[in-house]
Amino acid sequence: MALVDEKLAIDGGTPVKTTKNPPMYPGGLEIGEEEKAEILEVLEHKYLFRYYGPADFPSKVRQLEVEFAKLIGMEYALAVNSCTSALICSLVAVGVGPGDEVIVPGYTFFASCAAIVAAKAIPVIAEVDDSLTLDPDDFEKKITPRTKAVIPVHMRGVPCDMDRIMAIARKHGLKVVEDVAQACGGSYKGKRLGSFGDCNAFSLQYHKIITAGEGGMVLTNDQLLYDRAQAYHDTAACWRPDRFGLPRYEGEVFPGVNFRMSELHGAVALAQLRKLDGLLAKMREKKKRIKDQIADIPGITFRRLNDEAGDTAICLIFFLKDGETTKRFAEALRAEGVEAGCIYSEGVPDWHIYAHWKMIMDKVTATPEGCPYTCHYYTERGGKAEYSPDMCPRTIDYLSRTIHLDIPPQMTDEDCDLTAIAIRKVAKALL
Ligand SMILES: Cc1ncc(COP(=O)(O)O)c(C=O)c1O
């Protein structure tokens, strides 16, 4: 092991790590011959639209749906153009609409919450626990007679406590829409994430584990929910997939939008999907390598994992004793050459923390009458939405005490070892 200058780099000592980790685009950095081959096939056949082209050609988007459904272990997959779209389709599919409340954790990307408003319903924000995923106790406390659904978000790659969440949801007759945007391929007790809820949403945006630049997937086992998501995602759903006709049953087809995925995106996503398990294996190996070297440090408490084997390992998160120490720790680590951050700092905007969701806090809407908050379907059921940045104090407390490090699958063993050395060095000086 290299000799370490005990003086912190932040105080003028020599930094431990002088090379940067690769950026956190796990699948994006692996784009190569496989993606090129899939894209070229689409271009060569001039088959850019999933339902037709100049000559018959098997749709890449359809192929992606078949392989995605198989990998997650679900009956139906619907490709869309983003996870936000997938969430909206899922909420609409399960019947969320005016007058309904949907519970969402206070730590998730803003899109999970905005999708509820887009589906004309009211977001109800719940605490996360020390796994930084939805706190099942607070979820249950926030249920009202108006609650229709819950969105458990497998945040920063880690599975929610799906046993408890599903049991509570079923007890109260709620629909479950998993948000798997950040945890594609992860699992809980041996089952892939996105196979627990009624209708579940994935992202293929560029920052995600696998990517087509943009894209999303809806996964369900229920044909009715699939048909409804299919109807909503495509204005011309009544023509698809190969028919033109009246609804086969009530509630199947209604006016929707256009969230369709293009064949070019489908082609890239297909090649990426085949790389998913390889990426997960690499991130898990790198994370373990760092974690094993810092596990004995007093004063560090790792984020609790609801199922360690199912963690996608996109990041390493640990808690320190208070916000001040955490901020100083993160600054000291950055000075040592390790890209670490504290998740919540007051005044530093971050769209992943409810307190910064100004548009929700202030109930901002696209039109001045203020629907869905003022919608009579809601108010006549006794609903009165109230939000404030301090409404989930435990969430803020956890997030202000977290040190967060990305684990790019492309980082080298040396990157891992130097990261661990830097953490030990900073911990020795500051904890
Ligand atoms: C937890 C979560 N949900 C939803 C989304 C929205 O994904 P997309 O950008 O594909 O709409 C994201 C994207 O960052 C996310 O992290």
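Look up: the structure comes first, before these words.
Basis of the calculations
- Residues numbered from 1 in each chain as written.
- Predicted model: local features only at pLDDT ≥ 70, side-chain atom pairs only at ≥ 80, totals over all residues.
- Heavy atoms only, no water.
- Helix = DSSP H or I, 4+ residues; strand = E, 2+ residues; numbered from the N terminus.
- Rg over C-alpha atoms; globule rule 2.2 N^0.38 Å.
- Buried < 20%, exposed > 50% of the residue type's maximum accessible area, 1.4 Å probe, protein only.
- Contact = heavy atoms within 4.5 Å.
- Areas by Shrake-Rupley, 256 points an atom, 1.4 Å probe, with all protein chains shown as cover.
- Lys, Arg positive; Asp, Glu negative; His and termini not counted.
- Charge placed at Lys NZ, Arg CZ, Asp CG, Glu CD.
- Near = heavy atom within 4 Å.
- Polar contact = N/O pair within 3.5 Å; in protein donor to acceptor, adjacent residues only side chain to side chain.
- Patch = residues over 30% accessible without salt bridge, like charges linked within 9 Å, V, L, I, M, F, W, Y side chains within 5 Å.
- Salt bridge = Lys/Arg side-chain N within 4 Å of Asp/Glu carboxyl O.
- Phe/Tyr/Trp six-rings, centres within 6.5 Å; stacked < 30°, edge-to-face > 60°.
- Lys NZ or Arg CZ within 6 Å of the ring centre and 35° of its normal.
- Pairing = 2+ DSSP bridges.
- Core = buried A, V, L, I, M, F, W, Y, C linked by side-chain atoms within 4.5 Å.
- Axes fitted to C-alpha atoms, helices over the stretch in contact; angles between N-to-C directions.
- Expected span 1.5 Å × (residues − 1).
- Arc of directions from axis to C-beta.

### Looking at the overall build of the protein chain
Phase 1: Along the protein chain, the regular secondary structure elements total 14 helices and 13 strands.
Phase 2: Since a compact globule built from 431 residues should have a radius of gyration of about 22 Å, the 23 Å found for the protein chain is in line with a globular shape.
Phase 3: Its C-alpha atoms give the protein chain principal-axis dimensions of about 75 × 60 × 40 Å.
Phase 4: The buried share of the protein chain, taken over its 431 residues, is 57%.
Phase 5: The long-range share in the protein chain, meaning contacts at least 24 apart out of those at least 6 apart in sequence, stands at 73%.
Phase 6: Put simply, the protein chain shows about 18100 Å² of open surface, and 55% of that area lies on carbon and sulfur atoms.
Phase 7: Both charge centroids of the protein chain, one from 52 positive and one from 61 negative side chains, sit 1 Å from each other.

### Re the site of the ligand
Phase 1: Near the ligand you find 15 residues, and of these Thr84, Asp179, Gln182, Ser203 and Lys208 are the closest.
Phase 2: Cys83 is positioned such that a nitrogen or oxygen atom in its backbone is 2.8 Å from an oxygen atom of the ligand.
Phase 3: A distance of 2.6 Å separates an oxygen atom of the ligand from a polar side-chain atom of Thr84.
Phase 4: Here the ligand, which alone exposes 390 Å², has 91% of that area covered by the protein.

### Considering a nonpolar patch on the surface
Phase 1: Among the surface-exposed residues, Tyr25, Leu29, Ile31 and Tyr206 lie close enough to one another that they form a single nonpolar patch of about 320 Å² accessible area.
Phase 2: By relative accessible area, Leu29 is classed as partly exposed at 36%.

### Notes on the packing of aromatic side chains
Phase 1: This structure, assessed with the given rule, holds 15 aromatic pairs.
Phase 2: On the numbers, 6.4 Å between centres and 35 degrees between planes, the contact of Tyr232 with Phe254 is tilted. Here Phe254 lies in the loop between α7 (223–233) and α8 (263–273) and Tyr232 lies in helix α7, a separation of 22 residues in the sequence.
Phase 3: Accessibility expressed as a relative area gives 15% for Tyr232, which makes it buried.
Phase 4: Residue Phe254 is classed as partly exposed on the basis of its relative accessible area, which comes to 23%.
Phase 5: Taken together, the ring pairs in this structure connect Phe49, Tyr51 and Tyr52 into an aromatic cluster.
Phase 6: The ring centre of Phe196 lies 4.5 Å from the NZ or CZ of Lys191, which sits over that ring.

### A closer look at the sheet that holds strand β2 (residues 101–105)
Whether parallel or antiparallel, the strands of a sheet pair through hydrogen bonds between backbone atoms.
Phase 1: Strand order across the open sheet formed by 4 strands is β3-β2-β4-β5, with parallel pairing between neighbours. The outermost strands of the open sheet, each flanked by one partner alone, are β3 (122–126) and β5 (175–176).
Phase 2: By the bridge criterion, 3 bridges tie β2 to strand β4 (residues 147–150) in an arrangement that is parallel. Considered in β4, the bridge of Glu101 is made with Thr147.

### Structural notes on the nonpolar core
Phase 1: Among the nonpolar cores identified, the biggest contains 107 residues, and Phe68 and Phe139 are the most heavily contacted of them.
Phase 2: With 9 residues, helix α3 (residues 83–94) is the single largest residue contributor to this core.
Phase 3: When sequence neighbours within four positions are dropped, the list of residues in contact with Phe139 reads Ile103, Ala126, Leu134, Val150, Ile165, Ile168, Ala169 and Leu174.
Phase 4: Ranked by size, the runner-up nonpolar core spans 28 residues in total, among them Leu320, Val338, Ala420 and Ala422.

### Quick word on the sheet that holds strand β1 (residues 76–80)
Phase 1: One open sheet holds the 3 strands; their spatial order is β1-β9-β8, and the pairing between them is antiparallel. Taken across any chain shown, the strands that pair with only one partner, and hence form the sheet edges, are β1 and β8 (199–203). Sheet twist, expressed as the average angle between the axes of neighbouring strands with direction ignored, equals 20 degrees.
Phase 2: With 5 bridges joining them, β1 and strand β9 (residues 216–220) adopt antiparallel strand pairing. Counted as the bridge partner of Tyr76 is Thr220 from β9.

### Here we look at helix α10 (residues 323–335)
Phase 1: End to end, α10 covers 18 Å across 13 residues, agreeing with the expected 18 Å (1.5 Å per residue, within 8%).
Phase 2: Taken together, the buried positions of α10 are occupied by Thr325, Thr326, Phe329, Ala330, Ala332 and Leu333. Each buried residue of α10 sits inside an arc of 165 degrees when the element is viewed along its axis, so together they form one side.
Phase 3: Next to the buried residues of α10 lie β11 (315–319), β12 (340–342), α13 (393–400), β13 (402–406) and α14 (413–430).
Phase 4: A side-chain oxygen of the first residue of α10 lies 3.3 Å from the backbone nitrogen of Glu324; this N-cap is Asp322.
Phase 5: The first or second residue beyond α10 is Gly337, which carries a positive phi of 95 degrees.

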